[in-house]
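Structure at a glance
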Amino acid sequence: MKILLLGLLTTLFISGCATKNAFSKLNMGREQEVAVENTRYSKIMSEDNVGGIFSAVYLNNIYKDMNQKTQNFYISIYTKKSDRNLDIKLNGQKPLRIVKLPNSNKYSHLLTTDNEWRRNYEVTFTKTKNLNINLSIDSDQFSSGLLKYSKDLQ
């Protein structure tokens, strides 16, 4: 009985004092922590050929004061060929607006990668009632597949 009590007290003492998480050693702010959780990375592929790479950040889960009548993404993309034929969809729907952003912009701090050869966009979609949303990017014969996000309940 004494051994069991001593073991429980030791476990409680060791685990009860832990206040740090995985982000505490990375010196990240709360905004960047939430951004990491809401970022998806993918390749744009056709069979075994890679046509590009991209990062997509779901902004509505990060910025609660953002227009909640729309769903907004920050997309940073690199394609081997021109990105003029990009087809970005959310749950099969085309965006309301795509705004090209400079390399240094109000969202660039949310991603850990920052290269001058990437192109950045703010993409706005009509709000959907689905709690789970799927983003896809296609370019000519290349496709990303679905990137899955969950909306925070407001």
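Everything below is about the structure printed above this text.
Rules used in this analysis
Residues numbered from 1 in each chain as written. Predicted model: local features only at pLDDT ≥ 70, side-chain atom pairs only at ≥ 80, totals over all residues. Heavy atoms only, no water. Core = buried A, V, L, I, M, F, W, Y, C linked by side-chain atoms within 4.5 Å. Buried < 20%, exposed > 50% of the residue type's maximum accessible area, 1.4 Å probe, protein only. Helix = DSSP H or I, 4+ residues; strand = E, 2+ residues; numbered from the N terminus. Contact = heavy atoms within 4.5 Å. Phe/Tyr/Trp six-rings, centres within 6.5 Å; stacked < 30°, edge-to-face > 60°. Lys NZ or Arg CZ within 6 Å of the ring centre and 35° of its normal. Polar contact = N/O pair within 3.5 Å; in protein donor to acceptor, adjacent residues only side chain to side chain. Salt bridge = Lys/Arg side-chain N within 4 Å of Asp/Glu carboxyl O.

Topic: the nonpolar core
Side chains of a nonpolar character, in soluble globular proteins, are inclined to be buried together. Counting residues in each nonpolar core, the largest one holds 18 residues, and the members touching the most others are F54, F73, I75, L135 and Y149. Only β2 (49-58), β3 (70-79), β4 (86-90), β6 (119-126), β7 (132-139) and β9 (147-150) provide two or more residues apiece to this core. Among all residues touching F73, those that are not within four sequence positions of it are V57, Y58, L59, L90, Y121, E122, V123, F125, I133, L135 and Y149. Counting residues in hydrophobic clusters, the runner-up holds 12 residues, among them A35, Y74, L110 and L111.

Section: the packing of aromatic side chains
On inspection of all chains with the given rule, the structure shows 6 aromatic pairs. With 6.0 Å between their ring centres and 50 degrees between their planes, Y63 and Y107 make a pair best called tilted. Pair noted here: Y63 is in the loop between β2 and β3 and Y107 is in the loop between β5 (97-101) and β6, with a separation of 44 residues, a long-range link. For the pair Y63 and Y107, a shared accessibility class is recorded, and that class is buried. Arranged with centres 5.3 Å apart and planes meeting at 70 degrees, the rings of F73 and Y149 form a pair that is edge-to-face. Pair noted here: F73 is in strand β3 and Y149 is in strand β9, with a separation of 76 residues, a long-range link. Residue Y149 is classed as buried on the basis of its relative accessible area, which comes to 1%. A connected cluster of aromatic rings, assembled from ring pairs, spans Y58, F73, F125 and Y149. Directly above the aromatic system of Y149 lies the positively charged group of R40, at a separation of 4.6 Å from the ring centroid.

Overview of the environment of E122
Inspection of the secondary structure assignment puts E122 in strand β6. The spacing of E122 and L101 is 21 residues in sequence and 7.0 Å in space, taken between C-alpha atoms. Once you skip the residues sitting within four places of it in the chain, E122 turns out to touch F73, R97, I98, V99, L101, K106 and Y107. Looking at E122, its side chain comes within polar contact range of the side chain of Y107, at 3.2 Å.

Observations concerning unusual backbone geometry
Within the chain, N91 stands out as a residue other than glycine whose phi angle is a positive 50 degrees. Here N91 lies in the loop between β4 and β5. In this structure N91 comes out as partly exposed when scored by relative accessible area, which is 25%.

Notes on the pattern of salt bridges
Summed over the entire model, instances satisfying the criterion amount to 2 salt bridges. Of the charged contacts, one joins K89 and D87 as a salt bridge, the two residues approaching to 3.7 Å between their closest N and O atoms. As a salt-bridge pair, D87 and K94 come within 2.9 Å of each other at their nearest N and O atoms. Bridged by salt links that share partners, the residues D87, K89 and K94 form one connected network.

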